[in-house]
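Tertiary structure, described
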Amino acid sequence: MYQPTPLYRAEQVKHGEVLAAREAGLEMYQLMLSAGQAVFDLLLQEYGEKHKILVLCGGGNNGGDGYVVAKLAMQKGITVGVRALKSPDSLQGDALRAYQDYLDAGGTLDASGADMHDYEVIIDAMQGTGLTGGVRGDIADAIVRVNQANRPVIAVDVPSGLCSDTGAVLGDCVEAQHTVTFIGVKRGLVTGQARLYVGELHFSGLGVEQEFATGNQPDCFWDNPRLLSLLKPRNPCSHKGSLGKALLIGGDYGMGGAALIASRACLKAGAGLTACLTDERNIHAGLVASPEVMYAPWEEQFIESRLLWCRAIALGPGLGESELARELFKRVSAVSKPKVLDADGLSLLATQPNHDDNRIITPHPGEAAKLLGSSISQVESDRYQAVKELQTRYGGVVVLKGAGTIVCDGSQSYVCGAGNAGMATGGMGDALTGVLVALLAQGIEINLAARIGVMVHSHAADLNVSKFGTVGLSASDVVNTVRKVFMLSV
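Residues numbered from 1 in each chain as written. Predicted model: local features only at pLDDT ≥ 70, side-chain atom pairs only at ≥ 80, totals over all residues. Heavy atoms only, no water.

Here we come to the overall build of the protein. Across its full length, the protein holds 18 helices and 18 strands. Taking the principal axes of its C-alpha atoms as reference, the protein extends roughly 85 × 45 × 40 Å. When burial is assessed residue by residue, the protein has 55% of its 490 residues classed as buried. The long-range fraction of contacts in the protein, counting pairs at least 24 apart against all pairs at least 6 apart in sequence, stands at 71%. Each charge class in the protein can be summarised by its mean position, and for the 41 positive and 51 negative side chains these summaries are 7 Å apart. (Helix = DSSP H or I, 4+ residues; strand = E, 2+ residues; numbered from the N terminus. Buried < 20%, exposed > 50% of the residue type's maximum accessible area, 1.4 Å probe, protein only. Contact = heavy atoms within 4.5 Å. Lys, Arg positive; Asp, Glu negative; His and termini not counted. Charge placed at Lys NZ, Arg CZ, Asp CG, Glu CD.)

Every regular strand shows the same layout, with side chains that alternate between the two sheet faces. Two elements, strand S1 (residues 5-8) and strand S9 (residues 220-223), share three bridges in a ladder whose sense is antiparallel. The partner of Thr 5 across the bridge, within S9, is Trp 222. When S1 meets strand S7 (residues 185-186), the two strands line up parallel, connected through two bridges. Bridge pairing links Leu 7 to Val 185 in S7. (Pairing = 2+ DSSP bridges.)

Before going further, it helps to spend a moment on the packing of aromatic side chains. All chains considered together, the criterion is met by four aromatic pairs. Summarising the aromatic geometry, the rings of Tyr 67 and Tyr 102 are spaced 6.1 Å apart at their centres and angled 35° between planes, so their arrangement reads as tilted. Residue Tyr 67 is located in helix H3 (residues 61-75), and its partner Tyr 102 is located in helix H4 (residues 93-104); the two are separated by 35 residues in the primary sequence. Look at Tyr 102 and you get buried, because its relative accessible area is 1%. When the ring of Phe 221 is compared with that of Tyr 414, the centres are 5.8 Å apart and the planes differ by 25°; the resulting orientation is stacked. (Phe/Tyr/Trp six-rings, centres within 6.5 Å; stacked < 30°, edge-to-face > 60°.)

In many analyses, interface size is given as the accessible surface area lost on bringing the parts together. The assigned domain composition of the protein is domain 1 (5-218) and domain 2 (227-488). The partner domain 2 presents twelve residues to the nine residues of domain 1 that form the contact. By the criterion of area lost to domain 2, the three top residues of domain 1 are Arg 187, Thr 191 and Arg 195, representing 51% of everything that side buries. Counting the contacts that link domain 1 with domain 2 gives zero salt bridges. Counting across the interface, domain 1 meets domain 2 through seven residue pairs in polar contact (both at pLDDT 80 or more). Looking at side-chain class alone, the side of domain 1 that touches domain 2 contains three nonpolar, three polar and three charged residues. (Domains from an automatic or database assignment. Buried area = accessible area lost by both parts, 1.4 Å probe. Salt bridge = Lys/Arg side-chain N within 4 Å of Asp/Glu carboxyl O. Polar contact = N/O pair within 3.5 Å; in protein donor to acceptor, adjacent residues only side chain to side chain. Nonpolar A, V, L, I, M, F, W, Y, C, P; charged D, E, K, R; others polar.)

This brings us to the nonpolar core. Counting residues in hydrophobic clusters, the biggest one holds 51 residues, and the most contacted among them are Ile 360, Val 437 and Val 456. Put simply, the parts of the chain that give this core at least two residues each are strand S10 (245-249), helix H8 (256-268), strand S13 (312-315), strand S16 (397-400), helix H16 (428-441), helix H17 (446-468) and helix H18 (475-488). When sequence neighbours within four positions are dropped, the list of residues in contact with Val 437 reads Ala 246, Leu 247, Leu 248, Cys 266, Ala 312, Ile 313, Ala 314 and Val 340. (Core = buried A, V, L, I, M, F, W, Y, C linked by side-chain atoms within 4.5 Å.)

With that settled, consider helix H1 (residues 10-24). Over its 15 residues, H1 extends 21 Å from the first C-alpha to the last, a length consistent with the 21 Å expected when each residue adds 1.5 Å. Residue Gly 16 marks the point of greatest curvature in H1, where the axis turns by about 30°. Structurally, H1 contributes buried residues whose contacts are with S1, helix H2 (28-47), strand S6 (178-182), S7 and helix H7 (209-215). At the C-terminal side of H1, Gly 25 shows a positive phi close to 75°. (Expected span 1.5 Å × (residues − 1). Bend = angle between axes of the 7 residues up to and from the residue.)

Attention shifts here to the UniProt feature "domain: YjeF N-terminal" (unreviewed entry) in the protein. Here, UniProt's "domain: YjeF N-terminal" (unreviewed entry) annotation points to residues 13-214. Taken end to end, residues 13-214 is 41% helix and 16% strand, and its two terminal C-alpha atoms sit 13 Å from one another. (UniProt positions renumbered as here; feature names shortened; annotations may be inferred.)

Two elements in contact, H16 and H18, have axes whose closest approach is 9 Å; the angle formed by their N-to-C orientations is 30°. Judged by the sense of rotation from one axis to the other, the crossing of H16 with H18 is right-handed. Side by side, H16 and H18 meet where Met 428, Ala 431, Val 435 and Leu 439 of the first sit next to Ala 475, Val 478, Val 479, Val 482 and Phe 486 of the second. Here the residues of the contact of H16 with H18 are counted per class, giving nine nonpolar, no polar and no charged. (Axes fitted to C-alpha atoms, helices over the stretch in contact; angles between N-to-C directions. Left-handed = near helix turned anticlockwise from the far one by under 90°.)

What follows deals with the environment of Glu 299. Considering the arrangement of structural elements, one finds Glu 299 in the loop between strand S12 (294-297) and helix H10 (300-309). Taking the C-alpha atoms as reference points, Glu 299 and Lys 50, 249 residues apart in sequence, are found 70 Å from one another.

Right, let's get into the environment of Gln 301. Its place among the elements puts Gln 301 in helix H10. With relative accessibility at 53%, the residue Gln 301 sits in the exposed group.

Taken as a whole and judged by the stated rule, the model has twelve salt bridges. Close ionic contact of Asp 157 with Lys 186 constitutes a salt bridge, the shortest N to O distance being 2.8 Å. Within this pair, whereas Asp 157 is found in the loop between strand S5 (153-156) and S6, its partner Lys 186 is found in strand S7, the two being separated by 29 residues in sequence. Of the two residues, Asp 157 and Lys 186, both sit in the buried class. Notably, a salt bridge pairs Asp 219 with Arg 187, separated by 2.9 Å at the nearest N-O pair. A residue pair is termed long-range when its members are at least 10 positions apart, and Asp 219 in the loop between H7 and S9 and Arg 187 in the loop between S7 and helix H6 (194-197) qualify at 32 residues. On the accessibility criterion, Arg 187 (2% relative accessible area) is buried. Each of Arg 9, Arg 187 and Asp 219 takes part in a single network of salt bridges with overlapping partners.

Written out as structure tokens, the structure reads:
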């Protein structure tokens with residue numbers, strides 16, 4: 001049975017690990033030793049016994065983990081340089097014990113400030129999960145130098161400079177190739193700017209993961225492509241009427257491609273029947289591209305009949321903000337059927353706000369800022385908070401797009417663990433809209449349809465990129481890969 005990965009706030013892990021260790025009969029220092037071992041094991045796995053590594057240690061437990069790594073490397077015969085970014089005189093508790101153990105094993109501190117280019121791998125143990133304000137002083141300088149050195153970096157628990165709760169960068173941030181996080185996966189490692197700095201994310205429960213999970217409720221969840229296993233196989237007696245009737249409305253003159261991409265995506269995502277109401281000048285191109293779609297001009301007779309005919313509606317791709325668009329928005333908003341709003345539909349929602357629990361909205365950060373009356377930087381500074389505010393204000397399910405797309409249904413949030421930078425091209429959102437309305441038309445419950453739709457869209461992009469690379473990925477490429485994703489899900 002599919003289970004998403006639980007995500008936690010840093011404060012939950014900080015308090016929960018103490019109780020988990022007690023429950024498991026372990027002292028906290030054993031957790032520090034296990035954390036250092038996990039990082040060291042990854043070092044050997046990824047880079048072998050490199051001749052020279054640099055360990056940068058801060059003043060808290062994160063620094064203590066670094067001293068453990070340094071001791072293990074030294075005992076393995078690896079040349080180690082250790083720099084204390086905080087005076088060892090300020091160390092306390094387990095961090096002080098780890099530092100003393102390193103010294104007792106023959107370790108020394110490197111105070112030379114030698115060029116970081118002299119090292120082959122850097123271990124970032126400078127700043128842990130407790131960071132709230134921007135990095136300053138020696139640590140800020142060290143972060144800049146680490147990034148300039150262009151050497152592989154393994155971050156301990158969280159890259160220094162990254163907020164482990166939000167994924168926002170607090171000043172400067174280490175660009176890691178690998179991050180090893182402990183006890184529980186921190187929610188800030190999987191969305192927003194974190195996607196640039198975390199690199200490949202690894203998890204070690206340090207032997208207390210079961211005790212921790214038993215005593216701590218996840219803050220949210222991280223979905224992976226195995227989510228698609230929740231899709232049920234089709235009934236052998238299915239027919240086009242039983243597989244859903246989807247209606248897409250959009251494509252004003254000059255923006256017809258958006259509606260055509262969404263309509264084709266709807267087809268590929270399995271809707272039994274797909275209709276599109278658009279500017280009549282788009283119909284010929286639409287029929288050439290996807291003759292299976294029932295195109296018609298957005299005139300009153302077609303609007304009324306199609307709204308009655310369909311099982312689910314998508315409004316917005318290429319819609320524009322004309323008087324006709326505003327009227328269509330009102331008409332669709334008054335319908336109680338499941339619906340998807342995107343693009344210009346969201347711009348109209350911002351000017352004519354309403355609450356609808358039978359609707360998916362799919363804003364990117366700019367659209368989210370408009371809907372919240374804030375700024376893009378405010379949205380991106382805490383994507384989890386932004387998606388919750390959007391859901392509270394507008395209802396239904398909110399899909400906050402971007403690196404680490406978040407789906408929030410009001411009771412729970414889910415981060416999509418798929419997707420790539422190649423998706424930053426025009427038409428991608430239109431393709432997602434088509435996939436979502438297809439799933440709604442097939443009768444999939446709105447919360448699950450949003451999560452699965454986002455995953456189908458992102459995983460299709462990943463499959464395409466794995467074969468052809470990120471540069472030049474188009475929405476049509478993703479749409480044409482959607483069928484393969486569904487094939488892999490059964």
